[in-house]
Amino acid sequence: MAKDNRAFTSVPGSTVTNTKSSYFQRKSKLCDKAEKADRKLRRRQRYVEKDGRCNVQHGNVRETYRYLTDIFTTLVDLKWRVSLLVFILAYAITWLFFGVIWWFIAYCRGDLDHLEDRTWTPCVNNLNGFVSAFLFSIETETTIGYGHRVITDKCPEGIVLLLLQAILGSMVNAFMVGCMFVKISQPNKRAETLVFSSHSVISLRDDRLCLMFRVGDLRNSHIVEASIRAKLIKSKQTQEGEFIPLNQTDINVGFETGDDRLFLVSPLIISHEINEHSPFWEVSKQQLQKDEFEIVVILEGMVEATGMTCQARSSYLVDEVLWGHRFMSVLSLEDGFYEVDYNTFHQTFEVPTPSCSARELAEAAARMDAHLYWSIPSQLDEKVEEGTEKEEMSKEINGTLTSSESEKVQVE
């Protein structure tokens with residue numbers, strides 16, 4: 001009977017624990033979903049992607065004719081599959097267009113009706129249909145000249161058409177070949193070998209808070225006249241109440257001192273000193289975690305091989321700014337050369353860094369200097385005090401001497 005009671009009482013207990021566990025599992029899943037949704041809501045949309053692509057799309061552009069006024073740039077900016085399609089269609093349409101005209105001239109002159117007449121002088125020899133006219137158009141525009149189909153001197157309209165096709169064909173060749181050459185030689189692919197660190201860091205450098213990130217070049221051919229710029233992308237509200245989304249503010253990375261001009265042979269750490277002119281002057285570690293902004297860095301220079309201007313871009317969100325970190329060293333001295341280890345290019349390590357803002361740190365340093373100044377007397381003050389003490393002692397001695405001399409005179 002006891003066994004039956006135990007068996008009876010064990011079933012409800014297991015069901016209760018199972019229901020509780022399932023309840024907690026459902027609750028944890030709901031919490032996870034809520035956290036994920038909250039992260040998605042809090043996740044800030046990038047203005048510039050990590051690979052440098054600008055995350056901006058132009059909509060409701062009514063003046064589309066402006067794209068046609070600069071057709072060359074429009075064709076260069078097209079995707080490769082569209083550019084190849086335009087390239088093929090440009091030649092095919094011109095060949096077909098002039099082929100139809102050559103066939104029409106032969107048809108109007110009656111050359112197609114006198115194919116077997118040896119005494120008839122056609123406009124184009126051995127042109128017996130539309131296919132042969134199309135082939136003659138290709139041979140004329142591409143200057144192949146197989147020698148089977150040739151124009152005669154008894155066809156003035158054919159001579160004019162030949163001149164027109166030669167001129168127009170040269171223009172089409174120059175335009176399309178130029179587009180393909182510019183598209184192939186674009187320095188966009190060169191920018192892919194310019195790398196930025198995955199994170200930026202904030203730490204002390206020479207007792208000052210600095211925002212730092214690292215740049216490097218993977219190729220042996222250098223970037224000539226390389227320069228670096230940085231922008232802070234953050235929404236702003238003016239004193240008049242105007243809201244400015246994606247306001248751009250310059251971040252000084254050495255423009256005044258010339259440190260923004262880079263000799264990019266090995267990876268370099270770009271530093272921004274957080275001073276009273278910096279937008280991060282009043283930002284502390286706690287405030288940094290709550291703030292929303294994006295730092296866009298731009299590296300420009302000329303490709304040494306082609307002389308064309310190259311630009312590489314990247315960005316850092318708030319989550320990608322590490323407070324109290326420093327970059328690992330990537331440069332080592334080997335036997336007769338310097339070696340760069342790109343395995344540690346993105347790695348950082350923690351260093352002791354105050355969590356206060358740069359303004360608070362500067363004020364604390366100023367108070368410390370003032371305290372030291374007023375607590376420790378200077379050597380000049382000590383010398384002045386010693387001088388006054390000596391003068392007072394000499395006066396007292398002189399006073400006693402004069403009084404004793406007067407007493408002697410009176411006694412005599």
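Keep in mind the model is a prediction, meaning the values are calculated, not measured. (Residues numbered from 1 in each chain as written. Predicted model: local features only at pLDDT ≥ 70, side-chain atom pairs only at ≥ 80, totals over all residues. Heavy atoms only, no water.)

*Asks:* Help me out: how do you make sense of the side chain of His325 in this one?
*Replies:* Relative to the helices and strands, His325 is located in strand 11 (residues 325-327). On the basis of relative accessible area, His325 is assigned to the buried category, the value being 15%. Here the side chain of His325 touches Thr348 through a polar contact of 3.2 Å, side chain to side chain. Ignoring any residue separated from it by four or fewer positions in sequence, one finds His325 in contact with Val201, Ile202, Ser203, Thr348, Phe349, Glu350 and Val351. (Helix = DSSP H or I, 4+ residues; strand = E, 2+ residues; numbered from the N terminus. Buried < 20%, exposed > 50% of the residue type's maximum accessible area, 1.4 Å probe, protein only. Polar contact = N/O pair within 3.5 Å; in protein donor to acceptor, adjacent residues only side chain to side chain. Contact = heavy atoms within 4.5 Å.)

*Asks:* Even after reading the chapter, I still don't get the packing of aromatic side chains, so can you show me in this structure?
*Replies:* Think of a pair of aromatic rings as described by two things: how far the centres are apart, and how the planes are tilted against each other in angle. As enumerated under the stated definition, the model contains 9 aromatic pairs in all. Considering the side-chain rings of Phe72 and Phe175, the 5.8 Å spacing of their centres and the 80° angle between planes classify their relative orientation as edge-to-face. Residue Phe72 is found in helix 3 (residues 71-77), and its partner Phe175 is found in helix 6 (residues 156-184); the two are separated by 103 residues along the sequence. Where Phe87 meets Tyr91, the ring centres are 5.1 Å apart and the plane angle is 65°; that geometry is what we call edge-to-face. In this pair, Phe87 and Tyr91 are both assigned in helix 4 (residues 80-109), 4 residues apart and thus about one turn of the helix distant. Look at Tyr91 and you get buried, because its relative accessible area is 12%. Put simply, the rings of Phe87, Tyr91 and Trp95 pair up and form one aromatic cluster. The positively charged end of Arg214 is found above the aromatic ring belonging to Phe345, 5.6 Å away from the centroid. (Phe/Tyr/Trp six-rings, centres within 6.5 Å; stacked < 30°, edge-to-face > 60°. Lys NZ or Arg CZ within 6 Å of the ring centre and 35° of its normal.)

*Asks:* Explain helix 6 here, please?
*Replies:* Residues lying three or four places apart along an α-helix face the same way, a consequence of the helix completing one turn every 3.6 residues. Here helix 6 is 29 residues long and its end C-alpha atoms lie 42 Å apart, about the 42 Å a rise of 1.5 Å per residue gives. Listed in full, the buried residues belonging to helix 6 are Gly158, Leu161, Gln165, Gly169, Val172, Met176, Gly178, Cys179, Met180 and Lys183. (Expected span 1.5 Å × (residues − 1).)

*Asks:* Sorry, what's going on with the UniProt feature "transmembrane region" (unreviewed entry) in the chain here?
*Replies:* In the numbering used here, UniProt assigns the "transmembrane region" (unreviewed entry) feature to residues 84-105 and 159-182. Counted over residues 84-105, helix gives 100% and strand 0%. Its end C-alpha atoms are 32 Å apart. Across residues 159-182 one finds 100% helix and 0% strand; the C-alpha atoms that close the span lie 34 Å apart. (UniProt positions renumbered as here; feature names shortened; annotations may be inferred.)

*Asks:* In this structure, what is going on with the state of the cysteines? I would like to understand it.
*Replies:* Here a disulfide denotes one covalent bond, and it connects the sulfur atoms of two cysteines. Inspection of every chain in the model, using the stated rule, returns 1 disulfide. Paired through a disulfide, Cys123 and Cys155 show a sulfur-sulfur distance of 2.1 Å. Classification of the bridge connecting Cys123 and Cys155 rests on its S-S torsion, roughly -75°, and on that basis the disulfide is left-handed. Linking Cys123 in the loop between helix 4 and helix 5 (130-142) with Cys155 in the loop between helix 5 and helix 6, this pair joins segments that are 32 residues apart in sequence. Each member of the pair Cys123 and Cys155 is classed as buried. (Disulfide = S-S within 2.5 Å.)

*Asks:* What's the story with the nonpolar core in this structure? I'm lost.
*Replies:* Soluble, globular proteins show a tendency: their nonpolar side chains are buried together. Core analysis: the biggest nonpolar cluster contains 35 residues, and Ile228, Phe280 and Ile295 have the highest contact counts within it. Those elements that provide at least two residues to this core are strand 1 (194-196), strand 3 (208-217), strand 4 (223-237), strand 8 (294-303), strand 9 (309-317) and strand 10 (321-323). For this core, the leading source of residues is strand 4, giving 5 residues. Apart from the residues within four sequence positions on either side, Ile228 is in contact with Phe196, Phe213, Val215, Val253, Asp260, Leu262, Ile270, Ile298 and Leu299. One finds Trp102, Cys123, Val124 and Cys155 within the second-largest nonpolar core, a separate group that totals 12 residues. (Core = buried A, V, L, I, M, F, W, Y, C linked by side-chain atoms within 4.5 Å.)

*Asks:* Can you walk me through a negative patch on the surface in this structure?
*Replies:* Together, Glu334, Asp335, Glu339 and Asp341 make up a region of like negative charge exposed at the surface. With respect to the secondary-structure elements, Asp341 resides in the loop between strand 13 (338-340) and strand 14 (348-350). Assessed through its relative accessible area of 34%, Asp341 is described here as partly exposed. (Patch = residues over 30% accessible without salt bridge, like charges linked within 9 Å, V, L, I, M, F, W, Y side chains within 5 Å. Areas by Shrake-Rupley, 256 points an atom, 1.4 Å probe, with all protein chains shown as cover. Salt bridge = Lys/Arg side-chain N within 4 Å of Asp/Glu carboxyl O. Lys, Arg positive; Asp, Glu negative; His and termini not counted. Charge placed at Lys NZ, Arg CZ, Asp CG, Glu CD.)

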